Amino acid sequence: MGGGKQTEEIINILKQELQKFESPAIIIIAREKKDPFRVLISTILSLRTKDKTTISASKKLFGVADSPKKILKLNKKEIEKLIYPVGFYRRKAEQILKISGILITDYNGKVPDKINELLKLPGVGRKTANLVLNEGFGKLAICVDTHVHRISNRLNLVKTSEPEETEFALQKVLSKKHWIVFNTLLVTLGQNICTPVSPKCSLCPIEKYCPKMGVGKHR
DNA sequence: AAAACGGGGGC
DNA sequence: GCCCCAGTTTT
């Protein structure tokens, strides 16, 4: 299935050239301790939030409680205080409590490793679920967020209007060995170079593969 | 002052 | 399918 020489080249170049940039927040957090629960909770925290904020809030929270059981010993106010600088902190505190309760009662305290089960949890959509499968469990999944969606379309790897379409379109285009790294590479590229507005095309290591080369400003 | 931030849920 | 969410940082 799929691959394409050009896609291979793009991924290889990105692997080489993006090493100098900091990894996305969830990768950094997962690197410290590979634990699906930490990936899940920090991904919730990262929603519409900058990486630096996500990392510091995650550290604060996990310093106090990094398991469903420990989370449930806290009340909502205490969690809010720990995660405070992230956006939507009240909603997220509630979701973290609810998720922890559900994990205890329905899943024996473990994060499920099936996407349909993950999607039942409050605050968990496809992006979060796939990232948990991907980074938490090392399972084959393509996590599509705004960066992956935007850049995949800029490169004409896919022609889609919604992230969910992108996920399924990429499954046909990408060879499976790249499914897990793809998200990290494109997020890193998207945060540092191929930004939503005013992308730094002159710094882009794959500019020659980009159909919008030289446009300078594109969506 | 305004836009941006690795979405998701409610209607 | 549209609209709202929440507070901090960057432009």
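Scroll up to find the structure.
Residues numbered from 1 in each chain as written. Chains lettered and ligands numbered in written order. Predicted model: local features only at pLDDT ≥ 70, side-chain atom pairs only at ≥ 80, totals over all residues. Heavy atoms only, no water.

Peer 1: Just to check I follow, could you spell out the protein's contact with DNA strand C for this structure?
Peer 2: Taken together, R48, Y84, P85, G87, F88, Y89, R90 and R91 are the residues near DNA strand C. When atoms of DNA strand C within 4 Å of the protein are split into backbone and base, the sugar-phosphate part holds 60%. Between DNA strand C and F88 there is a distance of 2.9 Å, counted from a sugar or linking oxygen to a backbone nitrogen or oxygen. The contact in question runs from a phosphate oxygen of DNA strand C to an N or O atom on the side chain of Y89, over 3.4 Å. Within the surface near DNA strand C, the residues separate by chemical class into four nonpolar, one polar and three charged. (Near = heavy atom within 4 Å. Polar contact = N/O pair within 3.5 Å; in protein donor to acceptor, adjacent residues only side chain to side chain. Nonpolar A, V, L, I, M, F, W, Y, C, P; charged D, E, K, R; others polar.)

Peer 1: Mind showing me how you'd approach the nonpolar core here?
Peer 2: By size, the foremost hydrophobic cluster in this structure holds 34 residues, and its most contacted members are L40, L61, I71, L118 and V124. Those elements that place two or more of their residues in this core are helix 2 (25–32), helix 3 (36–46), helix 4 (51–64), helix 6 (76–83), helix 7 (89–107) and helix 9 (126–137). Top element by residues in this core is helix 3. It accounts for six residues. Of all hydrophobic cores here, the second largest spans 24 residues; its members include I151, L157, L185 and I193. (Core = buried A, V, L, I, M, F, W, Y, C linked by side-chain atoms within 4.5 Å. Buried < 20%, exposed > 50% of the residue type's maximum accessible area, 1.4 Å probe, protein only. Helix = DSSP H or I, 4+ residues; strand = E, 2+ residues; numbered from the N terminus.)

Peer 1: Would you mind going over the packing of aromatic side chains with me for this structure?
Peer 2: The geometry of an aromatic ring pair is captured by two quantities: the separation of the ring centres and the angle between the planes. Counted according to the given criterion, the structure contains one aromatic pair. For the pair Y84 and Y89, a centre-to-centre distance of 5.1 Å together with 70° between the ring planes defines the contact as edge-to-face. Between the NZ or CZ atom of K176 and the centre of the ring of W179, over which it lies, the distance is 5.8 Å. (Phe/Tyr/Trp six-rings, centres within 6.5 Å; stacked < 30°, edge-to-face > 60°. Lys NZ or Arg CZ within 6 Å of the ring centre and 35° of its normal.)

Peer 1: Would you explain the side chain of T195 in this entry?
Peer 2: By the secondary structure assignment, T195 is in the segment after helix 12 (179–192). For T195, the residues in contact, after removing those within four places along its chain, are R150, R154, G190 and K200. (Contact = heavy atoms within 4.5 Å.)

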